Amino acid sequence: MRKYGNIMRRLVASTIVATMMGGMLVGCGSSTSTTTSGEGSTSSDSGKEAVSDEDLITLTCYSQLANYSGEMQGWFAQILKDKFGVKINLVPDSDGVYETRMEDGDLGDIVVWGSSDRKYQQAVKAGMLFNWEEDNLVQDYGPYIWENMQDALEANKTVSAEKDDAGNIIGEADTIYGFGHNVASSSDSHDAFFYTWDIRWDLYEQLGHPAVNNLDDLINVLEDMKEICPTGDDGNPTYAMSLWPDWDGNYVMYVKAMATAYYGYDEFGFGHYNVENGEFYDALSADSPYLQMLAWFNDLYRRGLLDPDSMTQTYDTMIEKVQNGNVFFSIFNYAGSLAYNKAEHYNENKIMMSLTPTEASPIVAGLSTLGGNRIWSIGSKTQYPEVCMEIINWLCTPEGRLTVDYGPKGLCWDYDENGKTYFTEFGLTCKEDRTTMMPAEWGGATFNDGAFQLNNTTWTAADVNPESGERYNSDYWASTQVPEGRCEAERDWREVTGTQTIDEYMNTCKYSVDVPTTFAMATLSDDMQSQWDQIAICLKDYSWRAIYAETVEEYDAIVNEMRGKAMSYGYNNMVKYCKEQAAVRNALQEPLR
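Each chain carries its own residue numbering, running from 1 in the direction its sequence is written. For this predicted model, a pLDDT threshold of at least 70 governs which residues receive local features, and a threshold of 80 or more governs which side-chain atom pairs are given and counted, while totals over whole chains, interfaces and linings are taken from all residues. Excluding hydrogens and water, the side-chain figures rest on all heavy atoms present in the structure.

Participant: Whenever I open this one, the nonpolar core confuses me. Can you help?
Facilitator: Nonpolar side chains in soluble globular proteins tend to end up buried together. Take the buried Ala, Val, Leu, Ile, Met, Phe, Trp, Tyr and Cys residues and link them wherever side-chain atoms come within 4.5 Å; each set so joined is a nonpolar core. For every residue, the accessible area obtained with a 1.4 Å probe (protein chains only) is divided by the maximum for its type, and the residue is called buried under 20%, exposed over 50%, and partly exposed between those limits. Counting 99 residues, the largest nonpolar core has Trp 197, Met 241, Phe 297, Leu 300, Ile 331 and Leu 539 as its most contacted members. In this text, helices come from DSSP runs of H or I with a minimum length of four residues, and strands from runs of E with a minimum of two, each type numbered from the N-terminal end. Broken down by element, this core gets its largest block of residues, nine residues, from helix H20 (residues 526-547). What makes two residues a contact is simply this: any of their non-hydrogen atoms within 4.5 Å. The contact partners of Ile 331, leaving out residues within four places of it in the chain, are Phe 194, Tyr 195, Thr 196, Trp 197, Tyr 254, Ala 257, Met 258 and Ala 261. Core analysis: the next-biggest nonpolar cluster, separate from the first, contains 58 residues, Ile 79, Met 149, Trp 376 and Val 404 among them.

Participant: Sorry, what's going on with the sheet that holds strand S6 (residues 195-200) here?
Facilitator: Strands pair in a sheet through their backbones, by hydrogen bonds, and they do so in one of two ways: parallel or antiparallel. In space, the three strands of this open sheet follow the order S10-S6-S11, with antiparallel pairing throughout. Of all strands in the sheet, those with a lone pairing partner are strand S10 (329-332) and strand S11 (352-354), marking the two edges. With direction set aside, neighbouring strand axes in the sheet form an average angle of 30 degrees. Any two strands with at least two DSSP bridges between them are considered paired. Relative to S10, S6 runs antiparallel, the two sharing three bridges. To get an axis, a line is fitted to the C-alpha atoms, and for a helix only the part in contact is used. The angle between two axes follows their N-to-C directions and goes from 0 to 180 degrees.

Participant: I'm lost on the sheet that holds strand S7 (residues 265-267) in this one. Help?
Facilitator: In spatial order, the strands read S7-S8-S9; together these three strands make up an open sheet with antiparallel pairing. Every other strand in the sheet has two partners, leaving S7 and strand S9 (280-282) as the edge strands with one partner each. Strand-to-strand twist in this sheet, taken as the mean axis angle between neighbours without regard to direction, amounts to 30 degrees. Where strand S8 (residues 271-274) lies against S9, three bridges are found, and the strand directions are antiparallel. Its bridge partner being in S9, Gly 271 is matched across the sheet by Asp 282. In the packing of helix H10 (residues 253-263) onto the sheet, contacts are made with S7 and S8, and the angle to S7 comes to roughly 155 degrees.

Participant: Looking at this structure, I do not really get the pattern of salt bridges. What am I missing?
Facilitator: Close approach of charged atoms allows side chains with opposite charge to pair. Any Lys or Arg side-chain nitrogen located within 4 Å of an Asp or Glu carboxyl oxygen qualifies as a salt bridge. Applying the stated criterion across every chain, the model contains 18 salt bridges. Note that Arg 200 and Asp 202 form a salt bridge whose closest N and O atoms lie 2.8 Å from each other. Using a relative accessible area of 3% as the deciding quantity, one classes Arg 200 as buried. Residue classification places Asp 202 among the buried positions, given a relative accessible area of 7%. Here Glu 580 ties to Lys 576 by a salt bridge, and the two come within 2.8 Å at their closest N and O atoms. On the criterion of helical spacing, the pair formed by Glu 580 and Lys 576 is a turn pair, its members being four residues apart in helix H22 (residues 571-589). Overall, the relative accessible area of 36% leaves Glu 580 in the partly exposed class. The network of salt bridges with shared partners includes Glu 223, Asp 299 and Arg 303.

What follows is the structure, encoded as structure tokens:
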């Protein structure tokens, strides 16, 4: 009955799509794109009959990674309309959404997972995800995926298989429900760094390049920066750092990430995992990496260097402050140099560049053909599995991958006569200023508001685009290189570091490589999950209170109370579980190191 039902859905969906799209979905489902290359291109499939809004298929996408809710708008929505005859209603993973959708028995049409652990495993076990090989779905409607991502598809069989507490597979690992993010065509290297320790280099230069060996040196430099630059471009106060709570999980995200950036330890349950030897450090043990960083952020606050809005503001508010020059430092490139380094700041000789403390060893993911743990999947109750697969398949093509990051081909980027990638003048403007208004025929709105909102990747940006021979990451395109430097401060950074790019610089520093495997944490029982959730709330709430403590004594009292509360909720049992899971992960990684 399942197969018959899918065949009927396919016939209905194919008929609808063929009618709407002039027969674009044909044969094995390959989408032929006849994108024009001029900047005046107004359609991702210029020879295709326009689809009216009334005839559009509405797909629901539940994404645990999304920061957007509602119907997607703007230029990416226009691409979906023109290319696939669909519109997407996006459902982010706010409180209770997962549980409600599981109870309703329908996660959505396209489902994007933030990790491959408990919630994903529950969905697999409950039959909430579509088997990609049923009726040859991926073979016929995801041909690019099938041809180029076999390792990632095979890895998903292992990730999705039922396992015992020791991580051993129970039964057969023979079903594909999707693939993980950041797939690479080779596992021979590591991914691009995003823990890049970006600092306002123009201010650092003014201070005479003081040594930064550790976090104590760093906080002193940041304090001196505030003295020489008390206000940003908008006249508002400057701070060393600005945090946001949107992405907090088991504890405060930025605190745990600081430990990852400094020690090279990966977030793991209620603690950190040493990717080089498999040791687990629980978050509340004396002098743990997490508590060390929590105390550092409290010191930052007490010195007036932490944005006081950090606990309540959104990610978007924080990024706006970075772009306005109100923030001097970020461990993340996306909240540092990538947000700040725009033409107007280069023209003013202002720039953020990497300055890694000599004692730091930031983590970087190893490239892997297996993909990561943020999974693309399709809900089992969808009426349009073929269309969902067509969309995901296109996102995996070079055009789709570049479009997600840089906008429509022809309008924002293209290939030159040598097959190399370049930005159009308009595309470069959008890259430097995401508030740039898009043309009306591309949905209007700003580039940022109309961007891809599912917030997951297919190929890693560090991988090579087979059509150009260059990385997907535009920082490495021949057309974007500026050998002479964009301003005096950038030339100074190059002279001091002896490198030309941030990635080249990071490769000269210490770093820890997290070797990818098919590891996924074993599913907790309902009782343990209830305890886990209580502890997570406790750690987040008390950690924020500790950051905002006015004195060391108040900080110590809050941390002690946090530890006591967590213990009363069963914290030690969770630590035992995490240590067991760390041993499983280490057993998979050890032969590959």
